[in-house]
Amino acid sequence: MDWKEELTGLVFPRRCPICDDIVRPRGELICPECRSAISFVREPCCKKCGKALDDPGREYCGDCLRHTRSFEAGISLLNYEGPAADSIARIKYHNKREYLDFYADEAVKRCGRRITEIRPDVLIPVPVHPARLRKRGFNQAEILADRLGKRLEIPVETKLLRRNRKTVPNKNLTPRERLKNLTAAFSADPVLAEAMRRDGVRRILIVDDIYTTGATVEACCRVLHHAGFEKAWFFTIGIGHGT
Ligand SMILES: [Zn+2]
Ligand SMILES: [Zn+2]
């Protein structure tokens, strides 16, 4: 730690992403004992979305068998459950963006090699609606993409995808309704898309905080396909368990 980090650490002690207490020892991003509360994604996984599966004999999760997937494959850091799921929710709803330092760091360590093997030309964070962005003050997906992009030396493009209007809350909708609702909510800037294609951008990695039913990523992929980008993958911090 240099003196600036030392001073910042004294004035704003780092909070643990799991218990939200001050992390000890200083300089760490998570309490050593809280690390064991996180369940990282391990094989066997769905070959498409990367969700952890209980049955090693299965290749795909139920969701990927039932629904069209426009993405090539997905990589996620941890199972979206228990204290880690609460932690990811606190990033958004309680302004705990500092937790992203831990998640980005861990993502590079555990998933960095697989991400670079995809050879993405660009990282694209899932955008949030401008009104929501103003209220929250940040887009967690964008912060995550920035951190990953810097560490893995992949450019980040935040202007291509746009969120057009506030969507109806997805909670009570069927998967089909969710997808329809969401696809209408995203669009791609056609001028920028053309410029990017001219620059040789072919492979896109979509970045978001969580993947549950896959509707958001699917919607983004469809919009990207429509804009002329055929190959997309995704990375998220958390992913639901496969059923
Ligand atoms: Zn802790
Ligand atoms: Zn799947």
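The shown structure was predicted, so the numbers you read here are calculated from the model rather than taken from an experiment.

1. Quick notes on the nonpolar core
Formed by 38 residues in total, the largest nonpolar core has its most connected members in Leu-78, Tyr-103 and Phe-235. Every element with two or more residues in this core is listed here: β1 (74-79), α3 (82-93), α4 (99-118), α6 (140-152), β5 (203-211) and β6 (231-239). The element contributing the most residues to this core is α4, with ten residues. Apart from residues lying up to four places away in sequence, Leu-78 is in contact with Ile-38, Ser-39, Phe-40, Val-41, Ala-84, Ile-88, Tyr-103, Ile-237, Gly-238 and Ile-239.

2. Examining the coordination of the zinc ion (ligand 2)
Within the protein, the zinc ion (ligand 2) binds to Cys-46 (SG), Cys-49 (SG), Cys-61 (SG) and Cys-64 (SG); these donor distances fall in the range 2.3 Å. Here the zinc ion (ligand 2) is ringed by four donor atoms whose angles at the metal span 104 to 117 degrees, and the overall shape comes out tetrahedral. Each donor residue of the zinc ion (ligand 2) lies on the same chain, and together they follow the pattern C-x2-C-x11-C-x2-C. In this pair, Cys-49 sits in the loop between α1 (3-11) and α2 (62-66) while Cys-61 sits in the loop between α1 and α2, placing the two residues twelve residues apart along the sequence. Cys-61 carries the same exposure label as Cys-49, and that label is buried.

3. Description of the coordination of the zinc ion (ligand 1)
Those protein atoms acting as donors to the zinc ion (ligand 1) are Cys-16 (SG), Cys-19 (SG), Cys-31 (SG) and Cys-34 (SG), and they sit at 2.3 Å. Geometry at the zinc ion (ligand 1) is tetrahedral, judged from the four donor atoms that bind it and their angles of 102 to 117 degrees at the metal. Sequence spacing of the donors to the zinc ion (ligand 1): C-x2-C-x11-C-x2-C. Comparing Cys-31 with Cys-34, the two get one shared label, buried.

4. Thoughts on the packing of helix α7 (residues 175-183) against helix α9 (residues 215-226)
For the pair α7 and α9, interaxial distance at closest approach is 9 Å and the crossing angle is 45 degrees. Between α7 and α9, the angle falls in the class oblique. Once α7 is placed against α9, the crossing between them reads as right-handed. Contact residues: Arg-178, Leu-179, Leu-182 and Thr-183 in α7; Ala-215, Thr-216, Glu-218, Ala-219, Arg-222 and Val-223 in α9.

5. Quick notes on the environment of Gly-240
If you trace the backbone, Gly-240 turns up in the segment after β6. Owing to a relative accessible area of 13%, Gly-240 belongs among the buried residues under this scheme. As a C-alpha pair, Gly-240 and Val-41 span 199 residues in sequence and 9.8 Å in three-dimensional space. Contact partners of Gly-240, with chain neighbours within four places excluded, come to Lys-51, Tyr-80 and Tyr-211.

6. Section: the packing of aromatic side chains
This structure, assessed with the given rule, holds four aromatic pairs. Where Phe-71 meets Phe-234, the ring centres are 5.1 Å apart and the plane angle is 90 degrees; that geometry is what we call edge-to-face. With a gap of 163 residues between them, Phe-71 in the loop between α2 and β1 and Phe-234 in strand β6 connect regions that are remote in the sequence. As far as the burial class goes, Phe-71 and Phe-234 line up, both buried. Seen in terms of ring centroids, Tyr-211 and Phe-234 are 4.5 Å apart; in terms of plane orientation they differ by 5 degrees. Their pairing is stacked. Of the two residues, Tyr-211 sits in strand β5 while Phe-234 sits in strand β6, which places them 23 residues apart along the sequence. Like Phe-234, Tyr-211 is buried. The ring of Phe-40 is capped by Arg-110, whose NZ or CZ atom sits 3.5 Å from the centre of that ring.

Cut-offs and rules
Residues numbered from 1 in each chain as written. Chains lettered and ligands numbered in written order. Predicted model: local features only at pLDDT ≥ 70, side-chain atom pairs only at ≥ 80, totals over all residues. Heavy atoms only, no water. Core = buried A, V, L, I, M, F, W, Y, C linked by side-chain atoms within 4.5 Å. Buried < 20%, exposed > 50% of the residue type's maximum accessible area, 1.4 Å probe, protein only. Helix = DSSP H or I, 4+ residues; strand = E, 2+ residues; numbered from the N terminus. Contact = heavy atoms within 4.5 Å. Donors = N, O, S within 2.8 Å, 3.2 Å for Na, K, Ca; no water. Tetrahedral: all angles 85-135°; square planar, octahedral: opposite > 155°, others 65-115°. Axes fitted to C-alpha atoms, helices over the stretch in contact; angles between N-to-C directions. Parallel < 35°, antiparallel > 145°, perpendicular 65-115°, else oblique. Left-handed = near helix turned anticlockwise from the far one by under 90°. Phe/Tyr/Trp six-rings, centres within 6.5 Å; stacked < 30°, edge-to-face > 60°. Lys NZ or Arg CZ within 6 Å of the ring centre and 35° of its normal.

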